[in-house]
Amino acid sequence: MNSGKKKVIGKHGRTVSVLMMLSAFITIYSLIMPAASMNKETAEEDPGIVLNENEEDNTSDNNKQELLIEENKEGLSSEGEEQVSAEPETAVTEEETEPSPVLSYSAVTFEETIENFVTVKAAAEEGTFPEGTTMILTPVEQEEVIDTVKETVEGTVKHIVAVDITFKDVNGNEIEPLKQINVTMNAPSIKEETATEVVHIDNEGNGTLVEQEESAEDEVVFNTDSFSVYVIAYTVDFEYSVNGKMYQFSLPGGEKITLSDLVEVLGIIGDTN
(Lines give C-alpha, C1' and ligand atoms only; values in the text may rest on other atoms or scores of the structure.)
Protein backbone atom coordinates (compact mmCIF):
# COMPACT_ATOMS: atom_id res chain seq x y z
CA MET A 1 0.00 0.00 0.00
CA ASN A 2 2.77 2.38 0.87
CA SER A 3 4.60 1.76 -2.34
CA GLY A 4 1.50 2.58 -4.38
CA LYS A 5 0.99 6.00 -2.81
CA LYS A 6 4.58 7.01 -3.39
CA LYS A 7 4.23 6.26 -7.05
CA VAL A 8 1.13 8.42 -7.40
CA ILE A 9 2.78 11.26 -5.53
CA GLY A 10 5.84 11.04 -7.78
CA LYS A 11 3.81 11.42 -10.95
CA HIS A 12 1.97 14.37 -9.51
CA GLY A 13 5.19 16.03 -8.51
CA ARG A 14 6.66 15.67 -11.99
CA THR A 15 3.50 17.13 -13.50
CA VAL A 16 3.71 20.14 -11.22
CA SER A 17 7.36 20.60 -12.06
CA VAL A 18 6.63 20.55 -15.75
CA LEU A 19 3.85 23.09 -15.34
CA MET A 20 6.09 25.36 -13.30
CA MET A 21 8.85 25.18 -15.90
CA LEU A 22 6.36 25.88 -18.69
CA SER A 23 4.96 28.85 -16.80
CA ALA A 24 8.44 30.21 -16.17
CA PHE A 25 9.34 29.80 -19.85
CA ILE A 26 6.20 31.61 -20.96
CA THR A 27 6.88 34.45 -18.52
CA ILE A 28 10.50 34.83 -19.65
CA TYR A 29 9.48 34.65 -23.32
CA SER A 30 6.80 37.32 -22.89
CA LEU A 31 9.40 39.62 -21.36
CA ILE A 32 12.11 38.98 -23.94
CA MET A 33 10.04 39.21 -27.17
CA PRO A 34 8.88 42.90 -26.87
CA ALA A 35 12.42 43.98 -26.13
CA ALA A 36 13.74 41.96 -29.05
CA SER A 37 11.15 43.39 -31.42
CA MET A 38 11.77 47.01 -30.44
CA ASN A 39 13.45 49.10 -33.11
CA LYS A 40 16.10 51.66 -32.50
CA GLU A 41 13.75 54.65 -32.28
CA THR A 42 11.53 52.86 -29.68
CA ALA A 43 14.56 51.90 -27.67
CA GLU A 44 15.81 55.53 -27.72
CA GLU A 45 12.45 56.81 -26.52
CA ASP A 46 12.37 54.36 -23.59
CA PRO A 47 14.99 55.39 -21.04
CA GLY A 48 14.90 51.96 -19.51
CA ILE A 49 16.40 50.30 -22.57
CA VAL A 50 20.09 50.81 -23.46
CA LEU A 51 21.56 49.91 -26.84
CA ASN A 52 24.86 48.16 -27.11
CA GLU A 53 27.97 50.08 -28.11
CA ASN A 54 27.92 48.99 -31.78
CA GLU A 55 24.35 50.15 -32.24
CA GLU A 56 25.16 53.50 -30.57
CA ASP A 57 28.19 53.99 -32.83
CA ASN A 58 26.23 53.14 -35.97
CA THR A 59 23.41 55.43 -34.94
CA SER A 60 25.85 58.26 -34.19
CA ASP A 61 27.62 57.84 -37.54
CA ASN A 62 24.34 57.77 -39.43
CA ASN A 63 23.15 60.88 -37.63
CA LYS A 64 26.41 62.70 -38.41
CA GLN A 65 26.18 61.79 -42.10
CA GLU A 66 22.57 62.96 -42.27
CA LEU A 67 23.51 66.24 -40.56
CA LEU A 68 26.42 66.80 -42.99
CA ILE A 69 24.18 66.13 -45.99
CA GLU A 70 21.56 68.59 -44.69
CA GLU A 71 24.20 71.24 -43.98
CA ASN A 72 25.66 70.87 -47.48
CA LYS A 73 22.21 71.21 -49.00
CA GLU A 74 21.48 74.30 -46.94
CA GLY A 75 24.88 75.79 -47.81
CA LEU A 76 24.38 75.26 -51.52
CA SER A 77 20.85 76.58 -51.34
CA SER A 78 21.90 79.73 -49.46
CA GLU A 79 24.84 80.37 -51.81
CA GLY A 80 22.56 79.98 -54.82
CA GLU A 81 20.07 82.40 -53.34
CA GLU A 82 22.82 84.91 -52.60
CA GLN A 83 24.13 84.67 -56.16
CA VAL A 84 20.67 85.05 -57.65
CA SER A 85 19.72 87.96 -55.43
CA ALA A 86 23.09 89.72 -55.78
CA GLU A 87 22.56 90.98 -59.34
CA PRO A 88 19.21 92.76 -58.80
CA GLU A 89 20.57 94.40 -55.63
CA THR A 90 23.61 95.65 -57.57
CA ALA A 91 21.41 96.95 -60.39
CA VAL A 92 19.23 98.88 -57.97
CA THR A 93 22.32 100.34 -56.32
CA GLU A 94 23.73 101.49 -59.67
CA GLU A 95 20.45 103.17 -60.59
CA GLU A 96 20.34 104.94 -57.26
CA THR A 97 23.94 106.16 -57.53
CA GLU A 98 23.48 107.51 -61.08
CA PRO A 99 20.55 109.99 -60.98
CA SER A 100 19.39 111.59 -64.22
CA PRO A 101 21.03 114.99 -64.75
CA VAL A 102 18.76 118.03 -64.35
CA LEU A 103 19.14 120.34 -67.36
CA SER A 104 19.21 124.10 -66.90
CA TYR A 105 17.32 126.31 -69.36
CA SER A 106 18.66 129.75 -68.50
CA ALA A 107 18.26 132.78 -70.73
CA VAL A 108 21.08 133.02 -73.25
CA THR A 109 22.26 135.16 -76.17
CA PHE A 110 24.25 133.80 -79.11
CA GLU A 111 26.32 135.81 -81.57
CA GLU A 112 28.36 134.41 -84.44
CA THR A 113 29.98 136.04 -87.48
CA ILE A 114 31.11 134.85 -90.89
CA GLU A 115 33.67 137.50 -91.77
CA ASN A 116 32.67 139.91 -94.55
CA PHE A 117 29.44 137.99 -95.04
CA VAL A 118 26.93 138.06 -92.17
CA THR A 119 26.57 138.38 -88.40
CA VAL A 120 23.71 136.63 -86.59
CA LYS A 121 22.59 137.39 -83.04
CA ALA A 122 19.93 135.24 -81.33
CA ALA A 123 18.41 136.17 -77.95
CA ALA A 124 16.57 133.35 -76.14
CA GLU A 125 14.62 133.79 -72.91
CA GLU A 126 14.64 131.32 -70.01
CA GLY A 127 13.24 127.89 -70.83
CA THR A 128 14.26 127.93 -74.51
CA PHE A 129 17.58 126.09 -74.78
CA PRO A 130 19.33 123.60 -72.45
CA GLU A 131 22.64 124.62 -70.94
CA GLY A 132 25.58 124.01 -73.27
CA THR A 133 23.70 124.80 -76.50
CA THR A 134 25.77 126.38 -79.29
CA MET A 135 24.82 128.22 -82.50
CA ILE A 136 26.58 127.34 -85.76
CA LEU A 137 26.52 129.38 -89.00
CA THR A 138 27.22 127.81 -92.38
CA PRO A 139 27.22 129.91 -95.59
CA VAL A 140 24.96 128.69 -98.40
CA GLU A 141 25.82 129.15 -102.08
CA GLN A 142 23.48 131.50 -103.96
CA GLU A 143 22.85 128.94 -106.72
CA GLU A 144 21.33 126.51 -104.22
CA VAL A 145 18.49 128.79 -103.13
CA ILE A 146 18.08 131.59 -105.67
CA ASP A 147 15.17 129.96 -107.52
CA THR A 148 13.24 129.45 -104.28
CA VAL A 149 13.88 133.04 -103.23
CA LYS A 150 12.63 134.42 -106.57
CA GLU A 151 9.44 132.39 -106.23
CA THR A 152 8.84 133.67 -102.69
CA VAL A 153 9.50 137.43 -102.82
CA GLU A 154 7.92 140.18 -104.92
CA GLY A 155 10.02 142.41 -107.10
CA THR A 156 13.32 141.79 -108.80
CA VAL A 157 15.98 139.96 -106.73
CA LYS A 158 19.27 141.77 -107.12
CA HIS A 159 21.40 140.06 -104.46
CA ILE A 160 21.05 137.56 -101.62
CA VAL A 161 22.93 136.48 -98.48
CA ALA A 162 22.03 132.93 -97.41
CA VAL A 163 23.15 131.22 -94.21
CA ASP A 164 22.22 127.96 -92.50
CA ILE A 165 21.57 128.60 -88.78
CA THR A 166 21.82 125.51 -86.57
CA PHE A 167 21.61 124.95 -82.82
CA LYS A 168 23.25 121.93 -81.17
CA ASP A 169 23.10 120.62 -77.61
CA VAL A 170 26.09 119.65 -75.48
CA ASN A 171 26.18 116.19 -77.15
CA GLY A 172 26.28 117.62 -80.68
CA ASN A 173 22.65 116.81 -81.54
CA GLU A 174 20.66 119.35 -83.58
CA ILE A 175 17.82 120.88 -81.59
CA GLU A 176 15.10 123.49 -82.06
CA PRO A 177 14.18 126.17 -79.50
CA LEU A 178 11.25 125.44 -77.19
CA LYS A 179 10.09 129.05 -77.63
CA GLN A 180 10.41 131.72 -80.28
CA ILE A 181 13.66 133.65 -80.16
CA ASN A 182 14.60 137.07 -81.46
CA VAL A 183 17.06 137.02 -84.38
CA THR A 184 19.05 139.89 -85.81
CA MET A 185 20.96 139.48 -89.09
CA ASN A 186 23.44 142.04 -90.31
CA ALA A 187 25.26 141.91 -93.66
CA PRO A 188 27.75 144.46 -95.08
CA SER A 189 25.81 144.60 -98.33
CA ILE A 190 22.63 145.96 -96.71
CA LYS A 191 22.07 149.55 -97.76
CA GLU A 192 19.52 152.10 -96.69
CA GLU A 193 18.06 152.60 -100.12
CA THR A 194 17.79 148.89 -100.86
CA ALA A 195 14.64 146.91 -99.97
CA THR A 196 15.36 143.71 -98.07
CA GLU A 197 13.22 140.64 -97.53
CA VAL A 198 13.88 137.67 -95.25
CA VAL A 199 13.10 134.20 -96.58
CA HIS A 200 13.12 131.00 -94.57
CA ILE A 201 13.85 127.84 -96.58
CA ASP A 202 12.99 124.64 -94.72
CA ASN A 203 14.66 121.22 -95.05
CA GLU A 204 12.28 120.28 -97.87
CA GLY A 205 13.31 123.35 -99.89
CA ASN A 206 10.08 125.30 -99.35
CA GLY A 207 10.40 129.08 -99.01
CA THR A 208 8.40 131.29 -96.63
CA LEU A 209 8.46 135.07 -96.36
CA VAL A 210 9.34 136.08 -92.78
CA GLU A 211 7.61 139.00 -91.10
CA GLN A 212 10.18 141.52 -89.90
CA GLU A 213 10.23 143.81 -86.89
CA GLU A 214 11.40 147.41 -86.97
CA SER A 215 15.15 147.44 -87.31
CA ALA A 216 18.15 149.64 -87.99
CA GLU A 217 19.18 150.55 -91.51
CA ASP A 218 21.88 147.88 -91.76
CA GLU A 219 20.08 144.86 -90.27
CA VAL A 220 16.95 142.72 -90.33
CA VAL A 221 15.14 141.59 -87.17
CA PHE A 222 12.52 138.84 -86.78
CA ASN A 223 11.17 136.20 -84.36
CA THR A 224 11.13 132.48 -85.10
CA ASP A 225 11.20 129.01 -83.51
CA SER A 226 12.31 127.06 -86.58
CA PHE A 227 15.82 127.06 -87.98
CA SER A 228 17.50 125.97 -91.19
CA VAL A 229 18.42 128.32 -94.07
CA TYR A 230 17.63 132.03 -93.80
CA VAL A 231 18.12 134.39 -96.71
CA ILE A 232 18.37 138.15 -96.84
CA ALA A 233 17.09 139.10 -100.29
CA TYR A 234 17.83 142.52 -101.77
CA THR A 235 15.11 143.50 -104.23
CA VAL A 236 14.26 146.39 -106.55
CA ASP A 237 10.80 147.43 -107.67
CA PHE A 238 11.92 149.27 -110.75
CA GLU A 239 14.86 148.70 -113.03
CA TYR A 240 15.41 150.81 -116.12
CA SER A 241 18.27 151.32 -118.58
CA VAL A 242 19.00 154.64 -120.31
CA ASN A 243 21.85 154.91 -122.80
CA GLY A 244 23.49 151.81 -121.38
CA LYS A 245 23.17 152.99 -117.80
CA MET A 246 21.07 150.91 -115.41
CA TYR A 247 18.74 152.61 -112.92
CA GLN A 248 17.08 150.82 -110.03
CA PHE A 249 14.55 151.94 -107.47
CA SER A 250 12.81 150.22 -104.58
CA LEU A 251 9.58 151.50 -103.11
CA PRO A 252 9.23 150.65 -99.39
CA GLY A 253 5.96 149.00 -98.54
CA GLY A 254 3.13 151.31 -97.49
CA GLU A 255 4.69 154.39 -99.16
CA LYS A 256 3.93 156.14 -102.44
CA ILE A 257 5.81 158.28 -104.95
CA THR A 258 4.71 160.76 -107.58
CA LEU A 259 5.25 159.97 -111.21
CA SER A 260 7.52 163.00 -111.66
CA ASP A 261 9.78 161.82 -108.84
CA LEU A 262 9.84 158.31 -110.25
CA VAL A 263 10.87 159.32 -113.76
CA GLU A 264 13.58 161.53 -112.28
CA VAL A 265 14.97 158.72 -110.13
CA LEU A 266 14.96 156.35 -113.07
CA GLY A 267 16.69 158.91 -115.28
CA ILE A 268 13.93 158.91 -117.86
CA ILE A 269 14.04 162.72 -118.13
CA GLY A 270 16.60 165.15 -116.90
CA ASP A 271 14.26 168.02 -115.99
CA THR A 272 10.91 167.22 -114.43
CA ASN A 273 9.59 170.69 -115.32
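What you see is a predicted model; the values in this text were computed from it and never measured.

Where do I start with the overall build of the protein in this structure?
Counting secondary structure elements, the protein contains five helices and twelve strands. Within the protein, the proportion of its 273 residues that are buried is 23%. A fraction of 65% describes how many contacts in the protein between residues 6 or more apart in sequence connect residues 24 or more apart. Carbon and sulfur atoms make up 50% of the accessible area of the protein, which totals about 19,700 Å².

Help me out: how do you make sense of the pattern of salt bridges in this one?
Note that side chains of opposite charge can pair when their charged atoms are close. By the definition in use, this model includes one salt bridge. We note a salt bridge from K179 to E125, for which the minimum N-O separation is 3.3 Å. One end of the pair, K179, is in the loop between β5 (174-175) and β6 (181-186); the other, E125, is in the loop between β2 (118-124) and β3 (134-139), with 54 residues separating them in the sequence.

Please clarify how the sheet that holds strand β1 (residues 108-114) should be interpreted in this entry.
Hydrogen bonds along the backbone pair up the strands of a sheet, which may run parallel or antiparallel. Spatially, β1-β2-β6-β9 is the arrangement adopted by the four strands of the open sheet, whose pairing is antiparallel. Looking at strand neighbours, the two that pair on one side only are β1 and β9 (219-224), the edges of this open sheet. Each strand axis lies, on average, 15° off the axis of its neighbour in the sheet, ignoring direction. In this sheet, β9 lies alongside β6 in antiparallel orientation, the contact comprising six bridges. Note that in β9 the partner of N186 across the bridge is E219.

How do you make sense of the packing of aromatic side chains when you look at a structure like this?
For any pair of aromatic rings, geometry is given as the distance between the ring centres together with the angle between the planes. This model, assessed by the stated rule, comprises six aromatic pairs. Plain terms: the ring middles of F167 and F227 are 4.9 Å apart, the flat faces sit at 80° to each other, and that makes the pair edge-to-face. Residue F167 is found in strand β4 (residues 156-168), and its partner F227 is found in the loop between β9 and β10 (229-236); the two are separated by 60 residues along the sequence. Of the residues examined, F167 reaches a relative accessible area of 1% and is grouped as buried. We classify F227 as buried; its relative accessible area is 8%. A ring pair is formed by F222 and Y230, whose centres lie 5.1 Å apart and whose planes are at 20°; its orientation type is stacked. By the burial criterion, F222 is buried, and Y230 matches it. One aromatic cluster in this structure is built from F110, F129, F167, F222, F227 and Y230.

Cut-offs applied
All residue numbers refer to positions counted from 1 along the written sequence of the respective chain. The predicted nature of this model means local features are confined to residues of pLDDT at least 70 and side-chain atom pairs, given and counted, to a pLDDT of 80 or more, with totals for whole chains, interfaces and linings taken over all residues. Note that the side-chain values use all heavy atoms of the structure and ignore hydrogens as well as water. Starting at the N terminus, helices and strands are each numbered in turn, a helix being any DSSP run of H or I of at least four residues and a strand any DSSP run of E of at least two. Only protein chains enter the accessibility calculation, which uses a 1.4 Å probe; a residue whose area is less than 20% of its type maximum is buried, one above 50% is exposed, and one in between is partly exposed. Residues are treated as being in contact if the distance between any of their heavy atoms lies within 4.5 Å. The method behind every accessible area is Shrake-Rupley, applied with a 1.4 Å probe, and residues are considered shielded solely by the protein chains displayed. Any carboxyl oxygen of Asp or Glu that lies within 4 Å of a side-chain nitrogen of Lys or Arg is treated as forming a salt bridge with it. A strand pair is defined by DSSP finding two or more bridges across the two strands. Think of each axis as a best-fit line through the C-alpha atoms, taken over the contacting stretch in the case of a helix, with angles from 0 to 180 degrees between the N-to-C directions. Any two rings among Phe, Tyr and Trp, with Trp reduced to its six-membered ring, count as a pair given centres within 6.5 Å; such a pair is stacked if its planes are under 30 degrees apart, edge-to-face if over 60, and tilted if neither.

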